Amino acid sequence: MTPQLPENVRPLVLTPEKVRFLWGMFEKFPRILPDHLRGDFVWFMRLITDRESLWFELLNDDGEAAGVMWCNNIVWGVDAEAHIFFWDRRLKGREGVVRRMMEWVMDALQLPRLSTQAPSYARATIRFIKRIGMVEEGVVRKAFKYNGELYDYHLFGVLKEELQDGRKQEQELQRAE
């Protein structure tokens, strides 16, 4: 049985309006895409309609979509790549919902780990990735081209037990307050 989605999360339902909105957000924030994919609507459609991926809307406190989380390159029972994108650019305070979604994905797909990556210029994103419990596992040098310049690509991962340990610590801190 699939576990219930965390609060402030809903499955992404693709409608023509939603596709236009998401494409607009990806275009508005080009830093999340390498040069060779920026402006490539065909690639974008392949990404969001890939049968081997899962997409979710992350909601703000008013119930409005504030971002998306998606998982692709899923190998059931082994690993998946997790990605987040908040179009209001606010990361602080959203660690809990992202951790809960990571736990949900790991439970639903029976994964012992999740992976992600970020280019070296995305320092705030890298700090956020670390705050949600992911560990840097390596660097692929000069593998991400943005505005004609090559950047290192940092690889991160988290094991299910590490995420659960972090959740326990978070709960203990909340009880102590």
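Quick summary incoming for the structure in this document.

Reading the values: the criteria
Residues numbered from 1 in each chain as written. Predicted model: local features only at pLDDT ≥ 70, side-chain atom pairs only at ≥ 80, totals over all residues. Heavy atoms only, no water. Helix = DSSP H or I, 4+ residues; strand = E, 2+ residues; numbered from the N terminus. Buried < 20%, exposed > 50% of the residue type's maximum accessible area, 1.4 Å probe, protein only. Pairing = 2+ DSSP bridges. Salt bridge = Lys/Arg side-chain N within 4 Å of Asp/Glu carboxyl O. Arc of directions from axis to C-beta. Contact = heavy atoms within 4.5 Å. Polar contact = N/O pair within 3.5 Å; in protein donor to acceptor, adjacent residues only side chain to side chain. Patch = residues over 30% accessible without salt bridge, like charges linked within 9 Å, V, L, I, M, F, W, Y side chains within 5 Å. Areas by Shrake-Rupley, 256 points an atom, 1.4 Å probe, with all protein chains shown as cover. Lys, Arg positive; Asp, Glu negative; His and termini not counted. Charge placed at Lys NZ, Arg CZ, Asp CG, Glu CD.

1. A word on the environment of Phe85
Then, in step 1: Tracing the chain through its elements places Phe85 in strand β4 (residues 79–86).
Then, in step 2: It is 5.3 Å that separates the C-alpha atoms of Phe85 and Gly67, two residues lying 18 residues apart in sequence.

2. Section: the pairing of β4
Then, in step 1: Counting buried positions along β4 gives six out of eight residues, so the element sits mostly inside the fold.
Then, in step 2: Note: strand β3 (residues 65–75) against β4, seven bridges, orientation antiparallel. In the strand pairing of β4, Cys71 is matched with Ala82.
Then, in step 3: Hairpin geometry of β3 and β4 is characterised by an intervening segment of three residues between the two adjacent antiparallel strands and by a positive phi of about 80 degrees at Gly77.

3. Notes on the pattern of salt bridges
Then, in step 1: Here the structure, examined in full by the defined rule, presents nine salt bridges.
Then, in step 2: The salt bridge partner of Asp35 is Arg38, with a shortest N-O separation of 2.6 Å.
Then, in step 3: The partly exposed category is assigned to Arg38, whose relative accessible area is 28%.
Then, in step 4: Within this structure, Arg10, Lys18 and Glu57 form a network of salt bridges that share partners.

4. What to know about helix α2 (residues 41–49)
Then, in step 1: Of all the residues in α2, the buried ones are Phe44, Leu47 and Ile48. One side of α2 holds all its buried residues, which, seen down the axis, span an arc of 85 degrees.
Then, in step 2: At its buried positions, α2 is contacted by α1 (16–28), β2 (54–59) and β3.
Then, in step 3: For α2, the side-chain oxygen to backbone nitrogen distance between the N-cap and Val42 is 3.2 Å, and the N-cap itself is Asp40.

5. Some words on a negative patch on the surface
Then, in step 1: A contiguous patch of negative charge on the surface is contributed by Glu7, Asp61, Asp62 and Glu64.
Then, in step 2: On the secondary structure map, Asp61 appears in the loop between β2 and β3.

6. Comments concerning the side chain of Thr116
Then, in step 1: Following the sequence through the fold, Thr116 ends up in strand β5 (residues 113–119).
Then, in step 2: Residue Thr116 is classed as buried on the basis of its relative accessible area of 8%.
Then, in step 3: One polar contact links the side chain of Thr116 to the main-chain carbonyl oxygen of Ala82, over a distance of 2.7 Å.
Then, in step 4: In this view, Thr116 contacts Ala82, His83, Ile129, Met134, His154, Leu155 and Phe156; residues no more than four positions away in its chain are not counted.

Remember that the coordinates give geometry; whether it matters functionally is a separate question.
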